[in-house]
Number of protein chains: 2
Amino acid sequence: VQALILAGGSGTRFWPLSRRSRPKQLLALEGERSLLQETVERIRPLIPPEDVWVVTTRALAAEVRRQLPEVPAAQVLEEPLGRNTAPAIGWAVRSMPEQQRGDVVAVLPADHRVADGAAFRAALARAAEVAESDDWVLTLGVVPRWAETGYGYLELGEALPDGGEGHGSSEPGPPTVRRVARFVEKPTPERAAEYVASGRYLWNAGIFVFRGTTFLEILERLVPELARGLEALARDPGALDAGYAALPAESIDYAVMEKLDGIAMVATVPLDCGWSDLGSWAALAEVLPEDGAGNAVRGDVVAADASGNLLFADRGTIAVLGVEGLAVVRTGDTVLVIPRERSQDVRRLIAELEARGRSELL
Amino acid sequence: VQALILAGGSGTRFWPLSRRSRPKQLLALEGERSLLQETVERIRPLIPPEDVWVVTTRALAAEVRRQLPEVPAAQVLEEPLGRNTAPAIGWAVRSMPEQQRGDVVAVLPADHRVADGAAFRAALARAAEVAESDDWVLTLGVVPRWAETGYGYLELGEALPDGGEGHGSSEPGPPTVRRVARFVEKPTPERAAEYVASGRYLWNAGIFVFRGTTFLEILERLVPELARGLEALARDPGALDAGYAALPAESIDYAVMEKLDGIAMVATVPLDCGWSDLGSWAALAEVLPEDGAGNAVRGDVVAADASGNLLFADRGTIAVLGVEGLAVVRTGDTVLVIPRERSQDVRRLIAELEARGRSELL
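In what follows, the accompanying structure is described. Keep in mind that this is a model prediction, so the values were computed, not measured.

About the criteria used
- Every chain is numbered on its own, with residues counted from 1 as its sequence reads.
- Each chain gets a letter, beginning with A, and each ligand a number, beginning with 1, in the order they are written.
- Only residues with pLDDT of 70 or above have their local features reported here, since the model is predicted, and side-chain atom pairs are shown and tallied only from 80 upward, although totals for entire chains, interfaces and linings are computed over all residues.
- Note that the side-chain values use all heavy atoms of the structure and ignore hydrogens as well as water.
- Counting from the N terminus, the helices are DSSP H or I runs at least four residues long and the strands are E runs at least two residues long.
- As defined in this context, the radius of gyration uses C-alpha atoms, and a globule is described by 2.2 Å times the residue total to the power 0.38.
- Exposure categories follow from relative accessible area, calculated using a 1.4 Å probe and restricted to protein chains: below 20% of the type maximum is buried, above 50% is exposed, and the middle band is partly exposed.
- Calculation of accessible area relied on Shrake-Rupley with a 1.4 Å probe; when residues are assessed, cover is drawn exclusively from the protein chains displayed.
- His residues and chain termini do not enter the charge count, which takes Lys and Arg as positive and Asp and Glu as negative.
- Where a charge sits is defined by one atom per residue type, namely NZ (Lys), CZ (Arg), CG (Asp) or CD (Glu).
- Between Lys or Arg on one side and Asp or Glu on the other, a salt bridge is scored when a side-chain nitrogen of the former is within 4 Å of a carboxyl oxygen of the latter.
- For the least-squares superposition of copies, only C-alpha atoms count, and only for residues with pLDDT at least 70 in both.
- Contact definition: two residues touch when any of their heavy atoms are within 4.5 Å.
- The rule for pairing is simple: two strands pair if DSSP sees at least two bridges between them.
- As used here, buried area is the combined drop in accessible area, with a 1.4 Å probe, of two parts when they are placed together.
- Every patch collects residues that have over 30% relative accessible area and no salt bridge, joining them within 9 Å if they carry like charges and within 5 Å if they are nonpolar side chains (Val, Leu, Ile, Met, Phe, Trp, Tyr).
- Centres within 6.5 Å are what make two rings of Phe, Tyr or Trp a pair, Trp counting through its six-membered ring; a difference in plane orientation under 30 degrees is then read as stacked, over 60 as edge-to-face, and the rest as tilted.
- Put simply, a charge is over a ring when the Lys NZ or the Arg CZ is close to the ring centre, within 6 Å, and near the line of the ring normal, within 35 degrees.
- A fitted line through C-alpha atoms represents every axis, and for helices the fit uses only the stretch in contact; the resulting angles, taken between N-to-C directions, go from 0 to 180 degrees.
- Angle categories: roughly parallel below 35 degrees, roughly antiparallel above 145, roughly perpendicular from 65 to 115, and oblique for all the rest.
- In a left-handed crossing the near helix is turned counterclockwise from the far helix by less than a right angle, and in a right-handed crossing that turn is clockwise.
- Just so you know the grouping, Ala, Val, Leu, Ile, Met, Phe, Trp, Tyr, Cys and Pro go in nonpolar, Asp, Glu, Lys and Arg go in charged, and all remaining residues, Gly too, go in polar.
- To estimate the expected span of a helix, count its residues, drop one, and scale the result by 1.5 Å.
- By the criterion applied in these results, polar contacts are pairs of N or O atoms within 3.5 Å in which, for protein atoms, one can donate a hydrogen and the other can accept it, and in which residues neighboring in sequence qualify only through two side-chain atoms.

Further remarks concern the overall build of chain A. The number of helices and strands found in chain A is 12 helices and 15 strands. The C-alpha atoms of chain A give 21 Å as radius of gyration, which agrees with the globular expectation for 362 residues (21 Å, within 12%). Projected onto the principal axes, the alpha-carbon positions of chain A cover approximately 60 × 55 × 40 Å. Evaluated residue by residue, chain A yields a buried proportion of 54% over its 362 residues. Carbon and sulfur atoms provide 47% of the accessible area of chain A, an area that totals close to 14,800 Å². Separation of charge centres in chain A, based on 38 positive and 52 negative side chains, amounts to 4 Å.

Have a look at this one:
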């Protein structure tokens with residue numbers, strides 16, 4: 001099994017800690033290791049570093065290689081620019097030697113958190129098994145914990161004969177595998193609540209498992225323009241910059257997964273492993289250790305008469321008194337103060353900084 | 001006229017900007033100059049730097065001399081330790097050569113703010129005139145702007161014949177001089193409201209004007225232990241450390257001013273000059289420039305959907321969104337976040353840091 005880690009993201013949700021030159025996946029938000037390093041460590045018992053591939057951008061490649069010295073440098077692939085996930089995955093698979101391309105490839109985002117690594121590996125191993133034996137497209141779907149409207153969902157179909165309900169949660173055994181009836185886009189709050197209540201939906205976490213060659217065949221049928229572009233790049237690697245820029249910038253979800261009906265068999269392994277995509281400072285607050293007053297804390301913090309805050313000191317000291325429900329983030333050059341539940345609005349501050357030409361802070 | 005500037009304070013109200021090694025009077029809270037430098041500049045048209053004396057602590061003396069190169073170094077007097085204002089003033093006057101000791105001495109705190117320097121100088125000049133001609137004790141009392149309970153008050157007596165109501169505010173002329181009926185301690189809120197409504201009370205701003213020799217005579221009558229101690233120090237300057245530590249640690253207000261009835265004539269010049277003792281971050285917020293949304297701002301600040309905050313970046317950048325009524329202060333090593341109206345509670349954080357042995361932050 002080859003691992004293909006998508007590490008080209010440039011998200012701004014963890015500003016001011018995340019910067020253009022140091023996006024979320026390269027940050028150590030919880031422990032000592034970055035989310036990218038955690039991703040590689042998590043799968044190591046299953047997939048050794050020499051079978052790990054990373055797709056990232058040119059700007060980030062040096063830091064990625066520095067963080068992952070155990071991954072062969074040539075397997076850190078540098079996109080000339082970001083063109084969304086379908087080109088990134090297609091290009092990476094097409095860049096593998098023919099033998100690895102025929103292997104099962106596990107596509108993994110580099111910026112997710114998993115509490116229970118063993119459960120994650122068990123699901124991944126099961127998915128790889130099915131992808132290898134039956135040539136199916138597999139996805140790991142997260143058992144939803146609330147009616148999230150920020151994710152796509154998978155609707156479950158029947159269980160596969162060899163991974164069905166017989167292996168229920170009450171007894172140990174290989175994780176269940178079930179068909180995916182369909183992929184659905186981000187729902188309304190009402191629809192999301194129905195999905196979660198029904199027990200028939202999983203969160204689409206962007207984790208996919210398939211043979212590389214199978215994926216390339218699917219691209220030829222569903223996104224022929226992309227398949228042709230990748231073929232041209234393979235013939236003339238010197239034309240990478242112009243060729244890559246010309247690839248259709250589509251996500252694997254929209255361009256491939258939602259259109260597989262009649263093209264390929266799709267199944268999922270439900271994942272219940274303390275997964276989080278850490279989509280904001282508020283999401284990080286949910287998983288950081290708490291002080292006695294319900295403040296999620298990292299770094300050097302002094303709090304008095306304060307509760308329910310996220311207090312994140314990457315450098316220096318944060319001292320708070322008499323405040324509630326805030327996110328306070330201190331980096332070497334900047335401090336952010338924002339209500340915890342509005343932490344997604346950090347993008348408005350970034351827009352303001354962009355408008356003021358303050359690119360040194362971005 | 002000699003100026004005697006009290007610059008030994010070690011207040012903590014502007015933590016984390018103020019530190020033991022850099023208390024409030026040495027900080028530039030508004031402009032480029034520190035409050036101490038502003039104090040010297042303010043009186044310069046009246047009292048040249050060669051007639052300025054500064055009492056400070058040993059730990060602060062080097063920085064005081066650095067900030068005031070125009071004041072003779074020998075006139076920056078170094079207390080071995082702080083013993084409150086009565087010993088500081090007595091010792092400084094006693095340290096002056098005999099001729100200056102006979103001059104009028106204006107005692108000025110080093111950490112106050114004055115918006116209208118000309119009005120301040122006019123009042124000070126008037127007070128010095130009366131102190132010189134009539135040998136009275138003068139004080140500059142601030143016309144109260146609200147029912148403050150954190151200050152002492154002066155109750156006004158009748159106007160002096162040569163400075164009375166005839167020179168009202170409607171026509172220019174020398175400031176009014178009025179007798180002080182009594183000094184009163186910090187009042188209750190009800191009492192403070194009565195004082196302000198009556199129009200017969202002024203804030204005691206700790207600014208006193210008298211002949212040095214007159215003050216020493218008063219000390220002999222009211223605080224003989226202090227007078228004897230100062231005399232001993234004058235005879236044996238080599239015993240300063242032990243001798244100074246043995247002086248009674250009393251304030252000029254309690255030990256002298258409140259007890260002058262029958263001892264000396266006391267008068268005041270009402271001061272209406274935009275005075276503030278800058279007693280907290282909230283008080284500073286009242287005088288800093290505002291952005292369009294009512295945030296008092298200093299330094300590099302980005303605010304969106306935020307109003308009524310004090311945003312003070314001594315170093316680096318402060319970015320806030322969606323918060324109201326906070327004080328956010330960022331220094332080189334620390335950030336403080338506290339509700340603006342609770343900014344006096346910063347002492348609780350300092351106590352917490354002391355308890356944790358974090359003296360490097362104090």
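On we go from here.
What follows is about the pattern of salt bridges. Applying the stated rule across the entire model yields 48 salt bridges over all chains. Measuring nitrogen to oxygen at the nearest pair gives 2.6 Å for the salt bridge that ties Arg113 of chain A to Glu30 of chain A. With Arg113 of chain A in strand 5 (residues 113–114) and Glu30 of chain A in the loop between strand 1 (2–6) and helix 1 (35–43), this pair connects stretches of sequence that are 83 residues apart. The class for Arg113 of chain A is buried, based on a relative accessible area of 18%. In this structure, the salt-bridge partner of Arg19 of chain B is Asp333 of chain B, at a minimum N-O distance of 2.7 Å. Of this pair, Arg19 of chain B sits in the loop between strand 1 (2–6) and helix 1 (35–43) while Asp333 of chain B sits in the loop between strand 14 (326–330) and strand 15 (334–339); the two residues are 314 residues apart in sequence, bridging distant segments of the chain. Residue class for Arg19 of chain B comes out buried when judged on its relative accessible area of 13%.

This next bit is on the relation of the copies chain A and chain B. Structural alignment of chain A on chain B gives an RMSD of 0.1 Å, achieved by rotating through 180 degrees and translating 0.1 Å along the axis. Considering both components of the superposition, the chain copies are consistent with a two-fold axis. For chain A, the smallest separation between a C-alpha atom and the rotation axis is recorded for Val335 of chain A, amounting to 3.7 Å. Mapped onto chain B, 100% of the interface residues of chain A are again interface residues, and the two copies thus contact each other with one and the same surface.

In this section: the pairing of strand 10 (residues 266–271) of chain A. All names here are of chain A. For strand 10, a buried count of five out of six residues is recorded, marking the element as mostly surrounded by other parts of the structure. Of the pairings in the sheet, the one linking strand 6 (residues 137–142) to strand 10 comprises six bridges and is parallel in character. Bridge pairing in strand 10 places Gly141 opposite Pro270. Inspection of the sheet shows strand 8 (residues 178–184) paired to strand 10 by two bridges, in the antiparallel sense. By the bridge assignment, Arg179 is partnered in strand 10 with Ala267.

Turning our attention to unusual backbone geometry. In terms of backbone geometry, most residues other than glycine have negative phi values and most peptide bonds are trans. All names here are of chain A. With an omega of 10 degrees, the peptide bond running from Trp15 to Pro16 counts as cis. The backbone of Asp135 shows a phi angle near 60 degrees, a positive value even though the residue is not glycine. Here Asp135 lies in the loop between helix 5 (117–134) and strand 6. What makes Asp135 partly exposed here is its relative accessible area of 38%.

Chain A puts 36 residues into the contact, and the matching count from chain B is 36 residues. Carbon and sulfur atoms make up 59% of the surface buried where chain A meets chain B, a total of about 2,700 Å² over both sides. Area buried by chain A at its contact with chain B is led by Leu321, Val335 and Val337 of chain A, which between them contribute 22% of it. Counting every contact that joins chain A to chain B gives four salt bridges. Residues Asp305 of chain B and Arg342 of chain A are paired through a salt bridge, measuring 2.9 Å at the closest nitrogen-oxygen approach.

Attention now goes to a positive patch on the surface. On the surface, Arg13, Lys186, Arg347 and Arg348 of chain A cluster together to form a positively charged patch. Relative to the assigned elements, Lys186 of chain A resides in the loop between strand 8 and helix 6 (189–198).

So, about the pairing of strand 4 (residues 104–109) of chain A. All names here are of chain A. Of all six residues making up strand 4, six are buried, and the element is well covered by its neighbours. By the alternation rule, side chains of strand 4 split into Val104, Ala106 and Leu108 and Val105, Val107 and Pro109, which are all buried. Inspection of the sheet shows strand 1 paired to strand 4 by five bridges, in the parallel sense. Bridged to Ala3 within strand 4 is Ala106.

The next point concerns the packing of aromatic side chains. Residues and elements named next belong to chain A. Summed over the entire model, instances satisfying the criterion amount to 20 aromatic pairs over all chains. Geometrically, the ring pair formed by Tyr151 and Trp275 is edge-to-face, given 5.4 Å between the ring centres and 70 degrees between the ring planes. Highlighted residues: Tyr151 in the loop between strand 6 and strand 7 (153–159) and Trp275 in strand 11 (residues 275–276), separated in sequence by 124 residues. Residue Tyr151 is classed as buried on the basis of its relative accessible area of 12%. By the ring-pair criterion, three or more aromatic residues cluster together here, those being Trp146, Tyr151, Trp203 and Trp275. For Arg42, the ring lying beneath its charged end belongs to Phe120, and the centroid distance is 5.7 Å.

This part takes up the environment of Ala282 of chain B. Residue and element names in this part refer to chain B. Inspection of the secondary structure puts Ala282 in helix 11 (residues 281–287). In this structure, the C-alpha to C-alpha distance between Ala282 and Pro339, residues 57 residues apart in sequence, is 9.2 Å. Excluding its chain neighbours within four sequence positions, the residues that come into contact with Ala282 are Arg340 and Ser343.

Residues and elements named next belong to chain A. It is at 10 Å that the axes of helix 3 (residues 85–95) and helix 8 (residues 224–235) come closest, and there the two elements cross at 40 degrees. Judged by the angle between their axes, helix 3 and helix 8 are oblique. The two elements helix 3 and helix 8 cross, and the hand of that crossing is right-handed. Within the contact between the two elements, helix 3 uses Ala86, Pro87, Gly90, Trp91 and Arg94 and helix 8 uses Leu226, Leu230, Glu231, Leu233 and Ala234. Class assignment of the residues belonging to the contact of helix 3 with helix 8 gives a composition of seven nonpolar, one polar and two charged.

Residues and elements named next belong to chain A. For helix 5, built from 18 residues, the straight-helix expectation of 26 Å at 1.5 Å per residue is met to within 8% by its first-to-last C-alpha distance of 26 Å. The elements touched by buried residues of helix 5 are helix 1, strand 4, strand 5, strand 6, strand 9 (201–211) and strand 10. Of the residues flanking the start of helix 5, the one acting as N-cap is Asp116, its side-chain oxygen 3.2 Å from the backbone nitrogen of Ala118. Positive phi shows up at Asp135, right after helix 5, with a value of about 60 degrees.

Bringing the side chain of Arg101 of chain A into the picture now. Residue and element names in this part refer to chain A. Looking at the secondary structure, you find Arg101 in helix 4 (residues 98–101). One buried charge, Arg101, has no salt-bridge partner; the nearest side chain with opposite charge is Glu98, at 5.2 Å. For Arg101, the side chain forms a polar contact with the main-chain oxygen of Met96, separated by 3.2 Å.

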